[in-house]
Amino acid sequence: MADLFIDGEWVSGAKGLTREVRCPADGALVATVDEATREDTERAIRAARKAFDDGRWSSVSATERGKLLIRVADLLERDTEVIAHAESLDTGKRIIEARYDVADIVSSFRWFAGLANTNLGRVVDPGTTGTFSRVVYEPVGVCGLITPWNYPLLQASWKVAPALAAGNTFVIKPSEMTPSTTILLMRILQEAGLPDGVANLVLGSGAEAGAPLAEHPDVDMVSFTGGVITGRRVMAAASVTVKKVALELGGKNPNIIFADADLDAAIDNAATAVFLHSGQVCSAGARLLVEESIHDEVVDRVVAIASKIRLGGPFDPAAETGSLISRDHRSKVAGYVERALAEGAVLRCGGSAPVGPAFDDGAFYLPTVLDGCTTTMSCVQDESFGPVLTVETFTSEAEAIRLGNDTIYGLAGAVWTSDMGRAARVANALRHGTIWINDYHPYRPQAEWGGFKQSGVGRELGLAGFAEYVEPKHIYENLQPAASGWFGESEQNIT
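Residues numbered from 1 in each chain as written. Predicted model: local features only at pLDDT ≥ 70, side-chain atom pairs only at ≥ 80, totals over all residues. Heavy atoms only, no water.

### Considerations on unusual backbone geometry
In most cases, non-glycine residues show a negative phi, while peptide bonds are predominantly trans.
Okay, so step 1: At Val242, a position not held by glycine, the phi torsion is positive, near 50°.
Okay, so step 2: Note on placement: Val242 falls in the loop between α8 (228–239) and β11 (244–248).
Okay, so step 3: Residues other than glycine seldom take positive phi values, yet Leu461 does so here, at roughly 65°.
Okay, so step 4: Tracing the sequence through the fold places Leu461 in the loop between β19 (456–457) and α15 (462–467).
Okay, so step 5: We classify Leu461 as buried; its relative accessible area is 0%. (Helix = DSSP H or I, 4+ residues; strand = E, 2+ residues; numbered from the N terminus. Buried < 20%, exposed > 50% of the residue type's maximum accessible area, 1.4 Å probe, protein only.)

### Considerations on the sheet that holds strand β20 (residues 470–478)
Okay, so step 1: Strand order in the open sheet formed by three strands is β5-β6-β20, with antiparallel pairing between adjacent strands. Of all the strands in the sheet, the pair left with one neighbour each is β5 (122–124) and β20. Geometrically, the sheet is characterised by an average inter-axis angle of 30° between neighbouring strands, direction not taken into account. (Pairing = 2+ DSSP bridges. Axes fitted to C-alpha atoms, helices over the stretch in contact; angles between N-to-C directions.)

### Quick word on the environment of Val135
Okay, so step 1: One can find Val135 in strand β6 (residues 131–139).
Okay, so step 2: Separated by eleven residues in sequence, Val135 and Val124 have C-alpha atoms that sit 7.1 Å apart.
Okay, so step 3: Apart from the residues lying within four places of it in its own chain, the contact partners of Val135 are Gly121, Arg122, Val124, Pro472, Lys473 and His474. (Contact = heavy atoms within 4.5 Å.)

### Here we look at helix α11 (residues 327–342)
Residues that lie three or four places apart on an α-helix share one face, since the helix turns once every 3.6 residues.
Okay, so step 1: Here α11 is 16 residues long and its end C-alpha atoms lie 22 Å apart, about the 22 Å a rise of 1.5 Å per residue gives.
Okay, so step 2: His329, Arg330, Val333, Ala334, Gly335, Tyr336, Val337 and Ala340 are the residues of α11 that are buried.
Okay, so step 3: On the buried face of α11, the contacting elements are β15 (368–371), α12 (378–381) and β16 (388–394).
Okay, so step 4: Once α11 finishes, Gly344 follows within two positions and takes phi at roughly 115°, a positive value. (Expected span 1.5 Å × (residues − 1).)

So this is what it looks like as structure tokens:
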């Protein structure tokens, strides 16, 4: 069966290319899918352009668009097990995590379904009588959506749902390593009754299949989630046609524990913050900042937890976390740890691949704790995107804030303290897009998600996430038109 979805049809790539998708937990073949070329992506863009320009979706009432998104949410919920199974195979994550992801995906579609009929417009005081002035919001047009491999369908939902709610058309390109659930989503959109050409799917590499989404003049906005280096390239390519850009580029997120915190809760959550999904989370609490007086207790207890975390495949009921996405990525994580040790970090646990027949064919890496770190080290400044925790210490509130902000990123962070005044001060001072107080990782589709500094541009989720997919237009109406009299008729005869 063909895997590219263009103009309402499932088709193969123009050059007949295919790519194998393998489970990173054991190397087993998951699927062989069609591979798009630049030619295929440009064809998909043309289909999305035509579908937007003829109004087959943008002219549908907001109420009906919302109803379709509700149908999509219902179908996703119906197919939870199928989707979770496919997501686990592609990513190597535990099936229980994939089920939680599907529930979040359903919530995202329902949230944006409710926003579809939201009137963001407003009447403006024109300042003069006999005139009427208003601001309206219209769909931005054709959207290029590029999604990552760590949360394939969740990240797709954060883009597809608002794009459709606002009345746009789109072309989506998922990571070439994890395409399965995006294919399933397109089938659900088709089943829900979305008009042909509104949603289009291309599969393949970023350089070949994805690049036209940033470069092509018929694409009006591009939304990308991934690494900062690729994000810069997307932004540069989009600048040629000055298209709208939304980028979510990861982070190096501080998790700050003060001595007066509930240490049982703080330590437990510190492990979850960084080792969930083997650290392959953009908002992972990979930087542990601990008040100096409690350093030994906190780190010893975190190491004890990390040393006992059970690794395993997606369907292993005893597993607590899974593999990395690929052996190549594991090599990058291993190199990151090696550089940290060369810089003077102290290895407290992990630092290697697990040994045993259950792990031989996979891309597993042990939960790792690096102590004695400082912000001058690359392991503190660079994103490992793996199960690696760096530990720093501080002696004052001001120092904790300074260290927490000493990064080019600004996606997320947390503060643990029983002093609510301190919690508020630190949360206000940290330059990160999401701050948790005495918790880590929860998010809500109603609340904006995104980062400061090099963690990205724009927001996903919330009202601002919806606003990324619309354009404001000011309409000024003169109810009593008359000559302006600015340039009077000349009484001189010109000879």
